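Summary of the model geometry
Chain residues, written in single-letter form:
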Amino acid sequence: MNGFKRIVLIWISAWSCLTLHAQTDSWTAVNERFKMQFAAGKYQEAQRSCDTALQLALRLHGKNHENYGKSLQNMGVLYFTLGDYPRAGNYFNEALIIRESVHGINSTEAISTLNNLAVLYKAQALNLKAEQTLAESRKRIEKGPGTASDVYARNLIISASLAKQQSQYAMARAYLLEALENTRNRKGRLSTAYADILNDLAILAENLGELRESSTYYTEAMGIVDSVQGQNNTTYARLLGNIGSVYKQLGQTKDAEDALQRSIKLYKDFSADTNAAAAPLNNLGTLSLDLSRPLEALNCFQRAAAMYRNTRTAASAEYGMSLNNLGLAYKALGSYAEALQYYQRALETRESALGKGHPDVAATLNNMAILYEDMNNHTLSLQYHVAAAEIRKTALGTTHPDYAASLYNRGRIHAQLKDYQQAITLYRQALDIRLKVYGPNGLPVASTKEAMAGVLVNQSQYPEAEQLYLSVASVYRRSLGKFSEAHAMAMYNLSSLYTSWNKYDKAFLCFDSSFHLLDSLPHARKLHMQCRAAYCGLRRR
């Protein structure tokens, strides 16, 4: 959500810099009022101002004028923000016709609108249409403003986002690195535009499981923003919220909580938009779930949902995400009926906002499948996992990590049903995809090997299971640090393997390692108790 808001604010900022022709004071005043209302998240007021500006431009200048085209563009951005994509598309297309007529097809103004259309198509998962629009934009840039321009840098950033959406991660990184170099040459390293692209590189690295590299990018971006603007601003708040997510995945829970709380406070103190803190609130909610604090998570998700409900349409993608998160919180509280209701509402909202074939719809189906799994309804769980997998296969392709996640989840259900052969088959398919995406040291690769090893232990295939568990422990130790809950779990799994294999000396050694690690992880109380019970059982043998 933070990156999306940044793109929108860039649009607004870019428009204010364009040369306007024969602009009247009355239209200028109304347009400025629109921009202030939009930045403050007062979208209903902004809509009225934008409509007034549109009518003024039409009455004073007619349709064939930049003021009219700009007002159409503003209206498109507004409806895009509200999640009304069809109406946003209508306004963008009409703005494109006006701007091509007024400024020429290779003008900065027309290319800016083309880029906006590409963002819209990407949000709708119309990937081919987005690619074609970006290609047309690049062709016009070559004939018009050239590559040393803001519109070219933005084209690269949108192209990177689209490539990432299609799991073309190497291409996405190449686009971002070119945008970074382009921006450095034009604006210098100490610029917020340069920091913004570092933020995008950090998000990409995070998606690939390269958490330490992601943290490095975020830290560099934060240093630049601090030196240029200081820390008391919304840009720094956004970066704090993003790095908090990485700290959470690295197991640095205190650092994560501190960063997210600071992000929320900065938004509260320095953003004109009283609802801007929704994104870090959602991240804080997921952290609270990881720390087994579901009531705190519920509070965070409820506050975020209220913010989105205040500023978005009832059928917006953001509000659908909040409903989905509320389902997660109620599931963690054991309130399965409430969780199911929220998931069903999230599903309806996402289908309405994005279409039934969108990956976000698959995400909610996936969560419903996990809920039914917790309710021991494995038949329904498997049906929902299959439905999610089919959407991901069609929308994202068979090499996308989300499709691999669906294969992995289906494998887990078959393992619980003791259909071990099918479980191993699905795990291997997921592993093949994840190896290509993340490499051998990726965290999703480790989790897949961990699940496979558990099935192999049940089949008494101890040597292969041992090699997998040792590989998993090595990855967790290298990526998350020795004193992480994931590494402690890997050592516990090895101790359980050696116990089943009757290699008791090795089992005791692994138990000792597990206790040593868990003594430094007070929040992993459940795992500590589980490990202690298994250790006592071994001692009684």
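This is a predicted model, so every value here is computed, not measured.

Cut-offs used in this document
- Residues numbered from 1 in each chain as written.
- Predicted model: local features only at pLDDT ≥ 70, side-chain atom pairs only at ≥ 80, totals over all residues.
- Heavy atoms only, no water.
- Helix = DSSP H or I, 4+ residues; strand = E, 2+ residues; numbered from the N terminus.
- Rg over C-alpha atoms; globule rule 2.2 N^0.38 Å.
- Buried < 20%, exposed > 50% of the residue type's maximum accessible area, 1.4 Å probe, protein only.
- Contact = heavy atoms within 4.5 Å.
- Areas by Shrake-Rupley, 256 points an atom, 1.4 Å probe, with all protein chains shown as cover.
- Salt bridge = Lys/Arg side-chain N within 4 Å of Asp/Glu carboxyl O.
- Expected span 1.5 Å × (residues − 1).
- Phe/Tyr/Trp six-rings, centres within 6.5 Å; stacked < 30°, edge-to-face > 60°.
- Lys NZ or Arg CZ within 6 Å of the ring centre and 35° of its normal.
- pLDDT = per-residue confidence, 0-100.
- Axes fitted to C-alpha atoms, helices over the stretch in contact; angles between N-to-C directions.
- Parallel < 35°, antiparallel > 145°, perpendicular 65-115°, else oblique.
- Left-handed = near helix turned anticlockwise from the far one by under 90°.
- Nonpolar A, V, L, I, M, F, W, Y, C, P; charged D, E, K, R; others polar.

1. Considerations on the overall build of the protein
Helices and strands together make up the secondary structure of the protein, namely 26 helices and 0 strands. Relative to a compact globule of 541 residues, whose C-alpha radius of gyration would be 24 Å, the protein shows 25 Å and is just as compact. If one aligns the C-alpha atoms of the protein with their principal axes, the spans along those axes are about 90 × 45 × 40 Å. Taken over 541 residues, the protein has a buried fraction of 55%. Counted over contacts in the protein with a minimum sequence separation of 6, partners at least 24 positions apart contribute 61%. With the model as given, the accessible surface of the protein reaches about 22,800 Å², and the carbon-plus-sulfur share is 50%.

2. What to know about the pattern of salt bridges
By the definition in use, this model includes 22 salt bridges. Between Glu296 and Arg293 there is a salt bridge, and its shortest N-O distance comes to 3.0 Å. Each member of the salt-bridge network shares a partner with another, and the members are Glu100, Glu136, Lys139 and Arg140.

3. Describing helix α21 (residues 420–438)
In this model, α21 (19 residues) spans 26 Å end to end at C-alpha, consistent with the 27 Å of a helix rising 1.5 Å per residue. Within α21 the residues assigned to the buried category are Tyr420, Ala423, Ile424, Leu426, Tyr427, Ala430, Leu431, Ile433, Arg434, Val437 and Tyr438. Where α21 is buried, its residues touch α9 (169–187), α10 (192–207), α20 (401–416) and α22 (443–458). Just beyond α21, the residue with positive phi is Gly439, at close to 85°.

4. Some points on the packing of aromatic side chains
When we look at a pair of aromatic rings, we describe it by the centre distance and by the angle of the planes. Considering all chains together, one arrives at 14 aromatic pairs under this definition. Counting every residue linked through ring pairs, the aromatic cluster contains Tyr492, Phe508, Phe511, Phe515 and Tyr535. Over the ring of Tyr408 we find Arg434, and its NZ or CZ is 5.1 Å from the ring centre. Lying across the ring of Trp501, Lys503 places its NZ or CZ 3.8 Å from the centre.

5. Details of helix α11 (residues 211–229)
Here α11 spans 26 Å end to end across 19 residues, near enough to the 27 Å set by a 1.5 Å rise per residue. Within α11 the residues assigned to the buried category are Leu211, Ser214, Ser215, Tyr217, Tyr218, Ala221, Met222, Ile224 and Val225. Where the residues of α11 are buried, they touch α10, α12 (234–249), α22 and α23 (462–480). Positive phi appears at Gly230, one or two residues downstream of α11, with a value of about 85°.

6. Notes on the environment of Gln383
Tracing the chain through its elements places Gln383 in helix α19 (residues 378–396). The sequence separation of Gln383 and His400 amounts to 17 residues, and the corresponding C-alpha distance is 21 Å.

7. Comments concerning the confidence of the model for the protein
Here the protein averages 90 in pLDDT, and 94% of its residues register 70 or above. Ranking the elements of the protein by mean pLDDT puts helix α1 (residues 2–17) last, at 47, and helix α7 (residues 127–143) first, at 97. Of the regions scoring below 50 in pLDDT, residues 12–24 engages in 32 contacts with residues more than four places distant in sequence or in other chains.

8. What to know about the environment of Leu96
Mapped onto the fold, Leu96 is located in helix α5 (residues 85–103). Once the C-alpha coordinates of Leu96 and Ser191 are considered, the two residues, 95 residues apart in sequence, prove to be 30 Å apart. What Leu96 contacts, discounting residues up to four positions off in sequence, is Ala110, Thr113, Leu114, Leu117 and Arg140.

9. What to know about the packing of helix α16 (residues 317–332) against helix α18 (residues 359–374)
Two quantities define a packed helix pair, namely the angle between the axes and the distance from one axis to the other. The contact between α16 and α18 brings their axes to 11 Å, and the two run at 15°. Relative to α18, the element α16 is oriented roughly parallel. Helix-helix and strand crossings are classified by hand; for α16 and α18 the assignment is left-handed. Counting all contacts with α16, which are made through Asn324, Leu328 and Lys331, the residues of α18 involved are Thr364, Asn367, Ile370, Leu371 and Asp374. In the contact of α16 with α18, the residues fall into 3 nonpolar, 3 polar and 2 charged.

10. Regarding the packing of α7 against helix α8 (residues 150–165)
For the pair α7 and α8, the least separation of the axes is 10 Å and the interaxial angle reads 160°. Classified by the interaxial angle, the pair formed by α7 and α8 is roughly antiparallel. You can see that α7 and α8 cross each other, and the crossing is left-handed. Between α7, through Asn127, Ala130, Glu131, Leu134, Ser137, Arg138 and Ile141, and α8, the contact on the second element is made entirely by Val151, Tyr152, Asn155, Ile158, Ser159, Leu162 and Gln165.

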